[in-house]
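# Overview (structure and organization)
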Amino acid sequence: FRGVATVCMKLFNATTPDRVYFGQKDVQQTVIIKRMVKDFHIDTEVRIIPTAREADGLALSSRNVYLGARRRAVGLTLFKALNAAAEAYNEGKTSRDDILGAAHSVAGCVLAEQQALPPSERALYEVDYISLADPETLEELNHVDLNKGAVLSTAFKMAPLEETKAGEDCGLGDGKVPVRLIDNMILQPKA
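A brief look at the structure comes next. If you're wondering where the values come from, they're calculated on a predicted model, not measured in any experiment.

### Structural notes on helix 5 (residues 96-116)
- Under the 1.5 Å per step criterion, the end-to-end length of helix 5 is 29 Å for 21 residues, consistent within 8% with the ideal 30 Å.
- Among the residues making up helix 5, those that are buried are I99, L100, A103, A107, V110, L111 and Q114.

Dropping the structure here:
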């Protein structure tokens, strides 16, 4: 993130924009830029644009072209896991174990289902992380402060397909390219 902050600082100094726009999909980057603008008293308003999604909830990304139908369907697990965690929070849970436990449960169940399928039908993945962080510092939280809310984020690495079927939509790279998918949700303050 140091590189992003340096490039943005140089750009802001050179152009002195009234406002800049960043996408929520790269939530960690948005937190860093907002903090940099605040800490250095830069007279620029930082606006965060919501993540653009497909109708089924998959976050739009240029990487999605590598997924193909099978890995794309399983890639929705990110969104489902985040929704499960957000639902736990909306039901009044504030502990890390309760909130992330809901997300890990979804991710683990789907992975177990995929592992039980034959190689020609499954799409395997690895969870890089599921994070529950402070919305201003990105420090991992044990409990969500209801006055601040939290940032819930995740990254999954979709593995290359082990076996493909004739005529199957395997995406760009014929299903051989690993694809790292990221997504996040903001848990809004409740107090």
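Next comes the rest of the write-up.
### Topic: the pattern of salt bridges
- For the coordinates displayed, the defined rule picks out 10 salt bridges.
- Measuring nitrogen to oxygen at the nearest pair gives 2.5 Å for the salt bridge that ties R122 to E162. Here the residue R122 occupies a position in the loop between helix 5 and strand 3 (125-133), and E162 occupies one in the loop between strand 4 (150-158) and strand 5 (179-187), the gap between them amounting to 40 residues.
- Overall, R122 belongs to the buried group, its relative accessible area being 15%.
- Note that K148 and D134 form a salt bridge whose closest N and O atoms lie 2.5 Å from each other. With K148 in the loop between strand 3 and strand 4 and D134 in the loop between strand 3 and strand 4, the pair connects residues that are 14 residues apart, well separated along the chain.
- Since its relative accessible area comes to 9%, D134 is described here as buried.
- A single network of salt bridges, built from pairs that share partners, joins R19, E45 and R47.

### Considering the environment of F40
- Along the polypeptide, F40 turns up in the loop between helix 2 (27-39) and strand 2 (45-49).
- Each C-alpha atom, one on F40 and one on M9, is 9.4 Å from the other, the two residues being 31 residues apart in sequence.

### Here we look at unusual backbone geometry
- A positive phi angle, near 40°, is found at T16, a position not held by glycine.
- Within the secondary structure, T16 sits in the loop between helix 1 (2-15) and strand 1 (19-23).
- Since its relative accessible area comes to 58%, T16 is described here as exposed.
- Not every positive phi belongs to a glycine, and L138 is a case in point at roughly 65°.
- The topology assignment puts L138 in the loop between strand 3 and strand 4.

### Observations concerning empty space enclosed by the protein
- Within this structure, the stated rule accounts for 2 cavities of 30 Å³ or more.
- Estimated volume of the largest cavity: approximately 60 Å³.
- Looking at the largest cavity, the residues that line it are K25, L58, A59, S61, N64, G75, L78, F79, L181, I182 and D183.
- The set of elements that each furnish at least two residues to the lining of the largest cavity consists of helix 4 (77-90) and strand 5.
- Per-element tally for the lining of the largest cavity: the top contributor is strand 5, with 3 residues.
- Of the residues contributing to the lining of the largest cavity, the split by class is 6 nonpolar, 3 polar and 2 charged.
- A volume near 30 Å³ is recorded for the second largest cavity.
- If you trace the second largest cavity, you find it lined by R122, A123, L124, A159, P160, L161 and E162.

### Looking at the sheet that holds strand 3
- Taken in spatial order, the 3 strands line up as 3-4-5 in an open sheet, and their pairing is antiparallel. The open sheet is flanked by strand 3 and strand 5, the only strands paired with a single partner. Averaged over all adjacent pairs, the angle separating strand axes in this sheet is 10°, with direction ignored.
- In the sheet, strand 3 pairs with strand 4 via 8 bridges, with the strands oriented antiparallel. Of the residues in strand 4, the one forming a bridge with A133 is V151.
- Sheet contacts for helix 3 (residues 68-75): strand 3, strand 4 and strand 5; angle to strand 4, the most-contacted strand, approximately 150°.
- Against the sheet, helix 4 contacts strand 3, strand 4 and strand 5, and its axis sits at roughly 20° relative to strand 5.

Thresholds, definitions, all that
- For every chain, the first residue of the written sequence is number 1, and numbering continues from 1 along that sequence.
- Since the coordinates come from a predicted model, pLDDT governs what is reported: local features require at least 70, and pairs of side-chain atoms require 80 or more to be given and counted, while whole-chain, interface and lining totals use all residues.
- Excluded from the side-chain calculations are hydrogens and water; all other atoms, namely the structure's heavy atoms, are used.
- Under the DSSP-based scheme used, a helix requires at least four consecutive residues in state H or I and a strand at least two consecutive residues in state E, with every element numbered from the N terminus.
- Helices are assigned an expected span. That span is 1.5 Å times one less than the residue count.
- For the exposure calls, accessible area comes from a 1.4 Å probe over protein chains only, and a residue counts as buried if that area is under 20% of its type's maximum, exposed if over 50%, partly exposed in between.
- Any carboxyl oxygen of Asp or Glu that lies within 4 Å of a side-chain nitrogen of Lys or Arg is treated as forming a salt bridge with it.
- Within this scheme a cavity is a closed region of a 1 Å grid, computed over the protein atoms alone, that accommodates a 1.4 Å probe without allowing it to escape, whereas a pocket is open but has protein on both sides within 12 Å along at least five of seven lines; lining residues each have an atom within 4 Å of a point.
- Grid points are joined across faces, edges and corners, and a volume is the space filled by probe spheres set on the points.
- In this count, Pro and Cys sit with the nonpolar residues alongside Ala, Val, Leu, Ile, Met, Phe, Trp and Tyr, while Asp, Glu, Lys and Arg are called charged and the others, Gly among them, polar.
- We call two strands paired when DSSP finds no fewer than two bridges between them.
- To obtain an axis, a line is fitted to C-alpha atoms, over the contacting stretch when the element is a helix, and the angle between two such axes runs from 0 to 180 degrees between their N-to-C directions.
- What makes two residues a contact is simply this: any of their non-hydrogen atoms within 4.5 Å.

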